[in-house]
Every structure is written in C-alpha cells, then in structure tokens.
2 protein chains.
Amino acid sequence: MTTMKEIASRTGVSVSTVSLVLNNRDEGRVKPEIARRVRATAHALGYKSNPLARSLRTGKTRILGFVSEEVATTPYAGGIILGAQDAASSLGYMLLTVNTDGTSNEADEIATLKRYGVDGFMYAKMSNRYVDVPDSLRDWPLVLVDATDREGRFASIEPDEFRIAYDATKRLIDAGCERIAYIGCLEPLIAQAGRLEGYRRALEDAGRAFDESLVTNVLNNGPALKAVSDLFDRANPDGAFCFNDARAWYVYECAARRGLTIGRDVSVVGVDNHRVFAETLAPKLTTVELPHYEMGYWAAVKLVSMIEPDRDLAAFERPKTTAPLPALDVPMPAKIHCTLVEKESVRGENRSLD
Amino acid sequence: MTTMKEIASRTGVSVSTVSLVLNNRDEGRVKPEIARRVRATAHALGYKSNPLARSLRTGKTRILGFVSEEVATTPYAGGIILGAQDAASSLGYMLLTVNTDGTSNEADEIATLKRYGVDGFMYAKMSNRYVDVPDSLRDWPLVLVDATDREGRFASIEPDEFRIAYDATKRLIDAGCERIAYIGCLEPLIAQAGRLEGYRRALEDAGRAFDESLVTNVLNNGPALKAVSDLFDRANPDGAFCFNDARAWYVYECAARRGLTIGRDVSVVGVDNHRVFAETLAPKLTTVELPHYEMGYWAAVKLVSMIEPDRDLAAFERPKTTAPLPALDVPMPAKIHCTLVEKESVRGENRSLD
DNA sequence: CTGAAAGCGCTAACAC
DNA sequence: GTGTTAGCGCTTTCAG
C-alpha cells in the first residue's frame, strides 16, 4: 500500500499538496505542473487512498448501511441489494448489509452499522409494506426500499403497482383478449389497491366496462383453486392478470382441466414469477418483473443525494435496466417495464422508466 | 460517540490504561480497582470502540470480504450470506459483500475490498463448481464456499452430496419403497457423482441391487419429461429421489398422467426445492435442503480461524441448524440434515451435523 | 503498575 | 501556491 507520504517525498512536495491534488481540490491552489507530477507518480505507484484513514479524519466513510429482515428468505432480496451495490459502487460507496431476525436484534445491528460509521441507511422490506421506522434511524439520512413509511415522513422507493397492472392489462387487451380476469391476493398488501386500479383503468381507457365477475382475490391451496375455478365457470375468461406465480398456477390448472391452451385460448400475465416456475411449469406465461434491481439502485442514489446534497448526480438519473428474462416462448414480449415512485423526488419531479 | 479519552479523564487515568483495560489486557498490569472503575465509567457512558480508529492503528479491520458472482440470481445466496453474517457477527466481524458480473469486474471488486482493509476472503459460487482461484486472492486468508478449488490448494466448504443422497434414499427405503428411482441431472455438476454414489450405497446397505433401469439423468422440458416417462413405463417406481425441483416436477407430472398419487403410490424426495414449488405445486414432496446457511456459517468460522490462529473457536464447532421448513403435510419428515465436508478441516477432523 | 509519547494515513486550518 | 501543524481515536512501546 503506497501512501501519500511516499508520493510526497518522491515528488518533492508535501503531503498536503498531494492530498489537495489527489482530491481534485488543486484548482487554482496548486501549480498545474506540480499537480501533474503528483498525479503521475501517484499513478506510477498505483496509489489507492486508504478509506479508513480518510474516514477517521473526515467522519465520513462512504459506506451505506443496508438493513433488512428478509435477505435470506426471498429470492428477490438479491435484486435489490445488487441494484444498491451497483449504484453505490458507481458512486464510490460500499454497502454494509445486515439482516435482522424480526425486531429483536435490529437495534443491535443498526448500532453496529453506526459504529462502523455508515453515512446513511437503507431500510428494506420485501414486498411493499407499511413500516414504522425505528427510532434509531430517524435522525439519519434514510431511504425506505420496497416499504412505505406509515407516517409518510421518510423517502421511500416503491414499485409503481398501478402502472405494473395498467401495462400488463393493456398487453392483454392489445393481444386481443376480450374477457380479462384479475386474480388478486386476499392479504391486505399495499400492492393490491394499485394493481386493481391499474387493471380497472386500463380497461376503462380501452372503452371496456369493469366487470366484477372477472375479479377474484384468493389466498392459497384448495380454496384458491376453487375460487379461480368458479371464475372460469361464470366468466369464461380469455386472459388473466395474476398477482403472482401461485395465482398464475391456479389459472394454468383451471385451463388444463377445461382443455384450454395457455397462449391460445387464455393468455396469462403474472407478476414476478419464480424463474423455475416460468421455465419449467408455466410455458407461455408472460412475466412482469417487479423492479427490484431498480429500487435498490434508486434508493442508493437517493440516499447519496441526501448525504451529499451538492453532488451532481445527473449521470444517475436513470438506473440500468434489469437484465431481460431468459427467452421464453411467450405470446407477448416477456419484459414489461415498470415505474418507480418516490415520496420525495430526487430532483423535484417523479420520473418513469421507459 | 464517547471516546477513550473521555473515559480516561473522567476516571482520572490515562488513555493507555483505558485501552489496556477495555481490551482485557489488564491482567497483572492494571490494579484491579482501577480496572473496575474504568469498566464502570465505560459502561456508564455506553462506550463503544471506534473500529475505524482501531483498524487504522492495528491494520486489522475485523471485516471479512465476501465475493460472489451470483448473489442476485439465485434464491440460495441469501442463505449462505446469512450464515456467514451470523457467524461473523458472533465473532465480532462484519461482512463486506461484493458481487461480480462474470469475471470482468471481479479484480476491481476484490481490489476495493482490499482497500477497505478486509482481513480475509470468502469466495462463493452457487452450486458446487470447480473454480480457479483468482491470483489476487492467493496470498490471503481464503475460504471457498460451495465451490471446489481445481488445484485442491485452498480450503473450501461444500455440501456433502454423498450423504444428502444416502440419507434421502434411506428415507425412501425406510418408508417402504421397493423401486426407488434416481432422477439426476445431465449437466456435469460436481454434485452428480456424490449423489449417485450415495443413492447406490444406500441401496447396497439395505441389501438392494442397484438397478440401472431406475436411473435417468435429464436436462429440461420435453425431452426430460419424456425420459422420466420412459422410466415410469419400464421400471414402475414407487419412490423417487430427484436432483432438484424441476426434476421432481417431472415425476409429479408422470404420476398424475398415470393416475398415481404422490405420497401413496409414489414417494418423492427432492433436493432444495423452491419454497413456492413445494408449497403451491408439490404437496407431499419431501424436501432435502442443501446446507446453505451452514456453509456460510462454517466458512466464516474457518476464515476467522485462519486470520486468528490462536483464537479459541470451540464455541463455534457446530453451526446453528437451518430453520426447519414450514410444516408441510408430508409422508416423511420434511427435514433431512446434511453434512459438510472441508478440504482442510478446521480442527483436524471432519465433523457432521446431526 | 501507570502515563507520556509516537504514529497508523489522511485532511484542513493556517502560516508563509 | 505550498508547507507546517494539529488531530481524528486508538494501540503500543518505553520510561518512570
């Protein structure tokens, strides 16, 4: 590890000059020629700054704390973390991730992150929920991810459920479906309202009437299958927008029992299906991915913007798009983009991905 | 943040004494009464050491680097990371996680971890593979996780595929199955050999002959289903040990088409099924979980043992067991424990979980 | 037994 | 423009 001291002595200047140059604060303070030489030797020696030393001095670590309680239990957490890490990395930050089991050790984990000097926090849940922000986080730069602050006081990044449903439903309409079912979830998830509304509005905008008999909200297993089966009997759908893969599967099962072919007699769009489900069990299923990667990415950008208000983040206006799904033999494009909504917009306006 | 200086002045001693006491190096160096008072004020002030300052001085950060390229793409990564984090946390360490896309940025990410001063590395793959250890990691404390060093020079933590298969097959035997099929994977995975051997030996130990016609290795989709179907036609199995959930599903499908009931006519054990698969689509499936959590846990313990050879890790001999699966209505116990094998044993002997 | 002092690598006033 | 100096919080000789 080569140090500033080394560069200083080799170049014949002082450490402070080196520091100025290497932090790009030399404009009008250090003679260009000197600056050039400093940079040259720094480069020649492969100098990398020591983040620890800097942090000890500045009180800033360029580390973001990522707090979640479900990192291990859902396959989606990875997407969020990946997005957050990518953004953080581009911004010169690192991510320090902790997971809490329930709420018991949450305070401890947060305390540990503070000891390590994180500059701010991301507080993530998997699948949008109302959360109470822990007291220990209230005075810190904080962004909620895939979660909603019950008090509505903290910034959060959430999927745009309305637009997810609107787009999905519109795809089904465009594909020529006449009777599009909505297979929702009976649990009181935040996503429910937005999705149902998106479904409704897409129909409306296409001049279709909303038909109650095409809608059902179900839980799991037998009763769920029964409910979807009833819907098939009463409404004879030729398209279905499904809350998730379990619900999509009920449609597959019902179709199979009636001799209907998915992709021909019934088109199905499902949200956020497990890869294995789509690949192995559900051919012809069109998948709408929730923007996990994007949520993580934006959350990190937003958080850094809170930590460094003066920093120019123009280059980060839009996150990288999610990798496309593996090619499936689907009747409609496999990828439908989503929108992210911020409570407090990064730049004073909401923006959408396209 | 209260500092040692503060404690020193309040107690009327010097910082060095405080440091001695708070690092438990006071034995025979500091008068017990003084030590007591130091500890008392430290406690009263809620003192927490500043890891940055310590690290700057000692050159040790108590941070472990976790390098993986598939954190986001598999639902299992979380388990490994969770285990590693739990162990690290108990040992007073943190985990700094980076993910690499392919190999392009791997060197960069590793360099970044080094700059942040990690004390050692875990290099993880998802689903045991032969890997070439990057040069940049060769001179560091290193443990491979769910991966095998092609040269056999570095410690690694891997699932004990033999015992997974042995146990699973034995369960089927104990459940009364007479003709137990092995539905393997056609890809050249390290797991294949061990599992097939475990299957074979379990049969042997039960006095059964190994029957080639009960074995098939398949890829995906149509051809796979066809192969499993052929196996059903020629060998009429009443039990099946399946490499993973996709393969388990082919058995379900074949059984369904023949009017056979899973859990009565055919018992099925599958490895590492996606939760949603088991819950929604595959009732009566017995799942053998790969020990992801344990692998992460052990890897972290092993790594710390390399970093601090003198540290007493007796309390960490056995990792916590994986959380039990949610209760399923299965014909056999849902949880089958696994064994971990280390290339270089932590304490000179291999151990098994029970 | 305890304290003074040096220094890890870096930044930021403040002189010159 | 550049160097000197002080100090972030901690550990670790080395005197006393």
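Coordinates for the structure precede this section.
In this text, all values refer to a predicted model and were calculated from it rather than measured experimentally.

(A) Representation of the overall build of chain A. Within chain A one finds twelve helices and 13 strands. Taken across its 354 residues, chain A has 55% of its residues classed as buried. Here the contacts in chain A between residues at least 6 apart in sequence split such that 66% fall between residues at least 24 apart. A total of about 15,500 Å² of accessible surface is found on chain A, and carbon and sulfur atoms cover 49% of it.

(B) Structural view of the protein's contact with DNA strand C. Around DNA strand C, the surrounding shell holds 24 residues, and the nearest of these are Met 4, Tyr 47 and Arg 57 of chain A together with Lys 31 and Arg 57 of chain B. When the atoms of DNA strand C within 4 Å of the protein are grouped by moiety, sugar and phosphate amount to 67% of the total. A distance of 3.2 Å separates a phosphate oxygen of DNA strand C from a polar side-chain atom of Asn 23 of chain A. Here a phosphate oxygen of DNA strand C and a backbone polar atom of Lys 31 of chain B are 2.3 Å apart. Put simply, the parts of the chain that give the surface near DNA strand C at least two residues each are helix H2 (15–22) and helix H4 (51–58) of chain A together with helix H2 (15–22) and helix H4 (51–58) of chain B. Examining the composition of the surface near DNA strand C, we find that four residues originate from one element, H4 of chain A, more than from any other. Of the residues in the surface near DNA strand C, the class split is seven nonpolar, twelve polar and five charged.

(C) Structural context of the packing of aromatic side chains. All names here are of chain A. Throughout the structure, instances matching the rule amount to 14 aromatic pairs over all chains. Taking the centre distance of 5.4 Å and the plane angle of 80° together, the rings of Phe 121 and Trp 140 count as edge-to-face. Taken together, the positions of Phe 121 in strand S3 (residues 120–124) and Trp 140 in the loop between strand S4 (130–131) and strand S5 (142–145) put the pair 19 residues apart, joining distant regions of the chain. Residue class for Phe 121 comes out buried when judged on its relative accessible area of 0%. Taking the centre distance of 6.1 Å and the plane angle of 75° together, the rings of Tyr 199 and Phe 210 count as edge-to-face. With a gap of eleven residues between them, Tyr 199 in helix H8 (residues 190–205) and Phe 210 in the loop between H8 and strand S9 (215–218) connect regions that are remote in the sequence.

(D) Highlighting H2 of chain A. Residues and elements named next belong to chain A. All buried positions along H2 are accounted for by Thr 17, Val 18 and Val 21. Buried residues in H2, looked at end-on, bunch into an arc of 100°, giving them a common side. The inward-facing, buried residues of H2 contact helix H1 (4–11) and helix H3 (32–44). Positive backbone phi, at 60°, marks Asn 24, one or two positions downstream of H2.

(E) Spotlight on the protein's contact with DNA strand D. Ser 16, Arg 29 and Lys 31 of chain A together with Tyr 47 and Arg 57 of chain B are the nearest of the 23 residues found near DNA strand D. In this structure, Met 4 of chain B approaches DNA strand D through a main-chain N or O atom, which is 2.7 Å from a phosphate oxygen. Tyr 47 of chain B places a polar side-chain atom, nitrogen or oxygen, 2.4 Å from a phosphate oxygen of DNA strand D. Secondary structure elements with two or more residues in the surface near DNA strand D: H2 and H4 of chain A together with H2 and H4 of chain B. It is H4 of chain B that contributes the most residues to the surface near DNA strand D, four residues altogether. Of the residues contributing to the surface near DNA strand D, the split by class is seven nonpolar, eleven polar and five charged.

Cut-offs applied
Residues numbered from 1 in each chain as written. Chains lettered and ligands numbered in written order. Predicted model: local features only at pLDDT ≥ 70, side-chain atom pairs only at ≥ 80, totals over all residues. Heavy atoms only, no water. Helix = DSSP H or I, 4+ residues; strand = E, 2+ residues; numbered from the N terminus. Buried < 20%, exposed > 50% of the residue type's maximum accessible area, 1.4 Å probe, protein only. Contact = heavy atoms within 4.5 Å. Areas by Shrake-Rupley, 256 points an atom, 1.4 Å probe, with all protein chains shown as cover. Near = heavy atom within 4 Å. Polar contact = N/O pair within 3.5 Å; in protein donor to acceptor, adjacent residues only side chain to side chain. Nonpolar A, V, L, I, M, F, W, Y, C, P; charged D, E, K, R; others polar. Phe/Tyr/Trp six-rings, centres within 6.5 Å; stacked < 30°, edge-to-face > 60°. Arc of directions from axis to C-beta.

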